[in-house]
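Understanding the architecture of this molecule
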Amino acid sequence: MHFETIAIRTQTERSQHHEHATPIFATSSFVFDDAEHMRALFANEQDGNIYSRFTNPSVREFEQKMAILEGGEDAIATSTGMAAIFATFASLLQQGDHILMSRAVFGSTFKINSDYLAKWGITYDYIDPLDMHSWEQSVKKETKLLYLETPSNPGLDIIDLEKTSAFCKQYGILLVVDNCFATPYLQQPLRFGADIVIHSATKYIDGQGRVMGGAIVASHTIIEQIYPFMKNAGPSLSPFNAWVLSKSLETLAVRMDRHCSNAIQIAQWLESRPEVNFVKYPFLSSNQGYNIAIKQMKAGGGMISFELKGGLSAGQTLIDNRKMISLSANLGDCRTIITHPASSTHSKLTPEERLAAGISDGLIRLSVGLEHVDDIIADLQLS
Ligand SMILES: *Cc1c(COP(=O)(O)O)cnc(C)c1O
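Attention shifts here to the state of the cysteines. Tallied over the entire structure, the rule returns zero disulfides. Cysteine cysteine 334 remains unbridged, with the sulfur of cysteine 260 as its closest cysteine sulfur at 15 Å. In this structure cysteine 334 comes out as partly exposed when scored by relative accessible area, which is 23%.

Take a look at the structure:
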């Protein structure tokens, strides 16, 4: 079956009430038939729900959908995207390990390295996402995983997943891809050889700015290594949020199609304007990563970043002149959102770290929504 059909038709079994849509299993715990049933569940001799920090049917439905849609064997849902990243590192790494991380990653992901992994004796090196030939010199015998985003937030750098996975296999390193910007509808990193896919479901998977959530998709073997951390440390997804996210997946394909068609039109319009210094959008043929993007993505996604010739002050004027577009730190909403990464999402980085991540002071990030494209363009007063 096709992506659209799977996203709609994967659901938990119906109860005796014959409900059409899956209900929300808003329960913190589950009951046992008798002492033997309880013993068997705790001893893992029998499948079943015990407590919602471990498993919950609403959460399991979302996990199963994510696993199938990403082409993975299994998935774990988490309370946020950051919880998915942290759970992966906390479960798979130990003191003395080393990781390679693309310089172009989400602001809080940097903080996990510097503020937590470092104090637990896990070392890291940042690599230039656009210069694969330089990566080799950072590989150590302790290197356990390579972590990247493609397209990256907010610079929209594109990394070749097939080549990166070949590089990782050569050195026996796990490849972890944050697929938040693309969603499984536009790009499935496991099919190009990645080992683990991470999502902030808060973004396009919810798609309407309502709930937070995250997901980790990988093989059974890797998921089995991460699951005990989830169970015992508890960054679990709430049943309500899981239910919202499962419902959202039903419309992911149609929403992404519109995000993409609006975004390419806006990217081309921006590129044609004399006030604009540069536009970054994966499917603009002028972009660095265009040839890779068309190979590994179905379409360019809904995110654009650009810089005006007037730099920071022109960007601030653009932000302050808007009438409809939301000024917010979120992305992937049906409402168009504009933001200034250097003073918001990536403000905790040093100026050098920001520049290395491709975030100039004048860079504007636009999360193109589902409004009519003409109304979005009309609200972008460039001068
Ligand atoms: C937002 C985001 C995250 C973090 O997700 P939360 O749900 O906010 O915790 C991670 N990676 C990328 C690329 C993001 O955009």
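Okay, back to it.
Counted under the stated rule, the structure contains 14 salt bridges. Residues arginine 39 and glutamate 36 are paired through a salt bridge, measuring 3.0 Å at the closest nitrogen-oxygen approach. On the criterion of helical spacing, the pair formed by arginine 39 and glutamate 36 is a turn pair, its members being three residues apart in helix α2 (residues 35-42). In this structure arginine 39 comes out as partly exposed when scored by relative accessible area, which is 40%. The partner of aspartate 333 in a salt bridge is arginine 335, and the shortest N-O contact between them spans 3.9 Å. When its relative accessible area of 8% is taken as the criterion, aspartate 333 is described as buried.

Once that is clear, we can look at the layout of surface pockets. Over the atoms a probe the size of a water molecule is rolled, and this reveals where empty space is left. In this structure, the largest pocket spans a volume of roughly 770 Å³. Mapped by element, the contributors of at least two residues to the lining of the largest pocket are α2, α3 (57-70), β1 (74-78) and α8 (220-233). It is α8 that provides the largest number of residues to the lining of the largest pocket, a total of six residues. Here the lining of the largest pocket is built from residues that sort into 13 nonpolar, 11 polar and seven charged. Considered as a void within the structure, the second largest pocket measures approximately 400 Å³ in volume. At the level of secondary structure, the elements contributing two or more residues to the lining of the second largest pocket comprise α4 (81-92) and β6 (196-200). Among the domains, domain 1 (3-249) and domain 2 (252-379) are the pair contributing at least three residues each to the lining of the second largest pocket.

Let us look at the environment of aspartate 97. Mapped onto the elements, aspartate 97 comes out in the loop between α4 and β2 (98-102). For aspartate 97, a relative accessible area of 5% gives the class buried. Between the C-alpha atoms of aspartate 97 and glycine 121, which are 24 residues apart in sequence, the distance is 7.6 Å. A polar contact of 2.9 Å, which involves the side chain of aspartate 97, links it to the backbone nitrogen of glutamine 94. Engagement of the side chain of aspartate 97 in a polar contact is seen with the side chain of lysine 144, the distance being 2.8 Å.

Now for the side chain of threonine 109. Note that threonine 109 resides in helix α5 (residues 107-117). What makes threonine 109 buried here is its relative accessible area of 0%. For threonine 109, the residues in contact, after removing those within four places along its chain, are Met82, Ile85, Met101 and Tyr147.

According to the domain assignment, the chain consists of domain 1 (3-249) and domain 2 (252-379). Contact residues are listed per partner, giving 40 residues for domain 1 and 39 residues for domain 2. Both faces combined, the contact of domain 1 with domain 2 buries some 3400 Å², and carbon together with sulfur accounts for 63% of it. Area buried by domain 1 at its contact with domain 2 is led by Tyr185, Leu186 and Tyr204, which between them contribute 23% of it. Counting across the interface, domain 1 meets domain 2 through two salt bridges. Here lysine 295 makes a salt bridge to glutamate 162, at a shortest N to O gap of 3.9 Å. Counting the contacts that link domain 1 with domain 2 gives 18 residue pairs in polar contact (both at pLDDT 80 or more). Taken together, the elements giving at least two residues each to the side of domain 1 that touches domain 2 come down to α1 (3-9), α5, α6 (161-171), α7 (183-186) and α9 (239-249). Tallying contributions element by element places α7 first for the side of domain 1 that touches domain 2, with four residues. Here the side of domain 1 that touches domain 2 is built from residues that sort into 21 nonpolar, 11 polar and eight charged.

Further remarks concern the pairing of strand β5 (residues 174-178). Burial analysis of β5 places four of its five residues in the buried class, which makes it a mostly covered element. Pairing analysis gives five bridges linking strand β4 (residues 143-149) to β5, with the strands arranged parallel. The partner of glutamate 149 across the bridge, within β5, is aspartate 178. Crossover handedness for the path β4 to α6 to β5: right-handed. By the bridge criterion, three bridges tie β5 to β6 in an arrangement that is parallel. Along β6, the bridge assignment pairs aspartate 178 with isoleucine 198.

Procedures and definitions
- Residues numbered from 1 in each chain as written.
- Predicted model: local features only at pLDDT ≥ 70, side-chain atom pairs only at ≥ 80, totals over all residues.
- Heavy atoms only, no water.
- Disulfide = S-S within 2.5 Å.
- Buried < 20%, exposed > 50% of the residue type's maximum accessible area, 1.4 Å probe, protein only.
- Salt bridge = Lys/Arg side-chain N within 4 Å of Asp/Glu carboxyl O.
- Helix = DSSP H or I, 4+ residues; strand = E, 2+ residues; numbered from the N terminus.
- 1 Å grid on protein atoms, 1.4 Å probe; cavity = no way out; pocket = protein on both sides within 12 Å on 5 of 7 lines; lining within 4 Å.
- Points joined across faces, edges and corners; volume = space filled by probe spheres on them.
- Nonpolar A, V, L, I, M, F, W, Y, C, P; charged D, E, K, R; others polar.
- Domains from an automatic or database assignment.
- Polar contact = N/O pair within 3.5 Å; in protein donor to acceptor, adjacent residues only side chain to side chain.
- Contact = heavy atoms within 4.5 Å.
- Buried area = accessible area lost by both parts, 1.4 Å probe.
- Pairing = 2+ DSSP bridges.
- Right-handed = clockwise from strand over helix to strand, strands pointing away.

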